[in-house]
Amino acid sequence: DSGVTQTPKHLITATGQRVTLRCSPRSGDLSVYWYQQSLDQGLQFLIQYYNGEERAKGNILERFSAQQFPDLHSELNLSSLELGDSALYFCASSYGTSGGYNEQFFGPGTRLTVL
Amino acid sequence: SQQGEEDPQALSIQEGENATMNCSYKTSINNLQWYRQNSGRGLVHLILIRSNEREKHSGRLRVTLDTSKKSSSLLITASRAADTASYFCATTSGTYKYIFGTGTRLKVLA
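Residues numbered from 1 in each chain as written. Chains lettered and ligands numbered in written order. Predicted model: local features only at pLDDT ≥ 70, side-chain atom pairs only at ≥ 80, totals over all residues. Heavy atoms only, no water.

### Observations regarding the overall build of chain A
Then step 1. A count of helices and strands for chain A gives 0 helices and 11 strands.
Then step 2. For chain A, the α and β elements follow one another from N to C terminus as β-β-β-β-β-β-β-β-β-β-β.
Then step 3. Over its C-alpha atoms chain A spans a radius of gyration of 13 Å, differing by no more than 12% from the 13 Å that the globule rule assigns to 115 residues.
Then step 4. Seen through its principal axes, chain A has C-alpha atoms that stretch 35 × 25 × 25 Å.
Then step 5. Within chain A, buried positions represent 54% of all 115 residues.
Then step 6. Counting contacts in chain A only where the partners sit at least 6 residues apart, residues at least 24 apart contribute 55% of the total.
Then step 7. Total accessible area on chain A is roughly 5400 Å²; 48% of this is exposed by carbon and sulfur atoms.
Then step 8. Here chain A contributes 8 positively and 11 negatively charged side chains, and the mean placements of these two sets differ by 3 Å. (Helix = DSSP H or I, 4+ residues; strand = E, 2+ residues; numbered from the N terminus. Rg over C-alpha atoms; globule rule 2.2 N^0.38 Å. Buried < 20%, exposed > 50% of the residue type's maximum accessible area, 1.4 Å probe, protein only. Contact = heavy atoms within 4.5 Å. Areas by Shrake-Rupley, 256 points an atom, 1.4 Å probe, with all protein chains shown as cover. Lys, Arg positive; Asp, Glu negative; His and termini not counted. Charge placed at Lys NZ, Arg CZ, Asp CG, Glu CD.)

Next up, the structure:
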């Protein structure tokens with residue numbers, strides 16, 4: 001158990017809908033990262049927050065947004081869902097933020113299926 | 001585009017044998033990390049090697065880094081069935097972005 005929790009575990013929804021994925025980092029970790037893993041694209045970095053502020057952005061679509069709250073939990077919002085958004089979404093956390101010197105701890109993931 | 005590319009894409013070996021997988025990347029890096037992922041589960045950090053290090057060991061794992069060739073290798077010695085998983089390298093290069101490779105799927109046959 002990494003100490004990172006993600007809810008829900010599975011999500012099935014229809015095209016055009018909006019969903020929210022939630023992540024609670026390990027106790028004491030200030031950084032939260034979001035990743036998308038699909039069969040054809042591998043593990044794609046989406047976005048990172050550090051202590052409530054956006055720190056880095058990857059290949060995140062404009063239809064997707066995220067935020068980190070004062071209690072350090074984070075939410076990833078996916079809207080106008082398309083079939084291609086079906087994937088595993090992982091959250092990871094680390095204590096620090098600088099340049100990848102920190103080990104990331106991954107949550108169990110949320111499996112999103114868009115029908 | 002992917003920063004890291006693992007090679008081979010898939011590897012099947014017998015229990016007790018050694019498994020070697022390679023990672024190549026494109027730009028200069030701060031450090032390189034290796035992660036393991038069991039099917040459908042979250043990734044687990046294995047080892048981190050800094051850009052000024054050439055080799056690092058952790059238990060049955062040995063990682064090398066050749067910054068002149070922009071490549072790293074992960075060696076798992078005396079493999080076990082429980083080592084069956086996908087292995088990813090991840091790099092950062094002066095930004096806060098972690099770039100993961102495409103992964104090597106390792107299958108260890110009992």
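### Overview of the interface of chain B and chain A
Then step 1. Listed as interface residues are 20 residues of chain B and, on the opposing side, 25 residues of chain A.
Then step 2. Roughly 1800 Å² is buried in total at the junction of chain B and chain A, and carbon and sulfur atoms are behind 53% of that figure.
Then step 3. There are 2 residue pairs in polar contact (both at pLDDT 80 or more) connecting chain B and chain A.
Then step 4. The set of elements that each furnish at least two residues to the side of chain B that touches chain A consists of strand 4 (31–37), strand 5 (43–50) and strand 9 (85–92) of chain B. (Buried area = accessible area lost by both parts, 1.4 Å probe. Polar contact = N/O pair within 3.5 Å; in protein donor to acceptor, adjacent residues only side chain to side chain.)

### A closer look at the side chain of Q33 of chain B
Then step 1. Within the element layout of this structure, Q33 of chain B appears in strand 4.
Then step 2. Separated by 2.7 Å, the side chains of Q33 of chain B and Y35 of chain B make a polar contact.

### Here we look at the pattern of salt bridges
All names here are of chain A.
Then step 1. All chains considered together, the criterion is met by 6 salt bridges over all chains.
Then step 2. For R63, the salt bridge identified is with E82, shortest N-O distance 3.7 Å. Taken together, the positions of R63 in the loop between strand 6 (53–57) and strand 7 (64–68) and E82 in the loop between strand 8 (74–78) and strand 9 (87–94) put the pair 19 residues apart, joining distant regions of the chain.
Then step 3. Across the salt bridge formed by D85 and R63, the nearest N and O atoms sit 2.8 Å from each other. (Salt bridge = Lys/Arg side-chain N within 4 Å of Asp/Glu carboxyl O.)

### A look at the state of the cysteines
Then step 1. Tallying each qualifying case throughout the model produces 2 disulfides over all chains.
Then step 2. Across the disulfide from C23 of chain A sits C91 of chain A; the S-S distance is 1.8 Å. Taking the sign of the torsion about the S-S bond as the criterion, the disulfide between C23 of chain A and C91 of chain A, at about -50 degrees, is left-handed. Within this pair, whereas C23 of chain A is found in strand 3 (residues 19–24), its partner C91 of chain A is found in strand 9, the two being separated by 68 residues in sequence. Each member of the pair C23 of chain A and C91 of chain A is classed as buried.
Then step 3. A sulfur-sulfur distance of 2.0 Å marks the disulfide that ties C23 of chain B to C89 of chain B. Residues C23 of chain B and C89 of chain B share a disulfide whose torsion about the S-S bond is about 65 degrees; that sign makes it right-handed. Of this pair, C23 of chain B sits in strand 3 (residues 19–24) while C89 of chain B sits in strand 9, and the two are 66 residues apart along the sequence. Assigned by exposure class, C23 of chain B and C89 of chain B land together as buried. (Disulfide = S-S within 2.5 Å.)

### Some details on the pairing of strand 11 (residues 104–109) of chain B
Residue and element names in this part refer to chain B.
Then step 1. Residues T104, L106 and V108 of strand 11 are buried on one face, while the alternating residues R105, K107 and L109, pointing to the opposite face, are not.
Then step 2. Here strand 2 (residues 10–14) pairs with strand 11 via 5 bridges, running parallel. Across the sheet, A10 pairs through a bridge with R105, a residue of strand 11.
Then step 3. Pairing geometry for strand 9 and strand 11, over 3 bridges, is antiparallel. In the strand pairing of strand 11, S86 is matched with R105. (Pairing = 2+ DSSP bridges.)

Without other data, these values stay purely geometric and don't point to any function.
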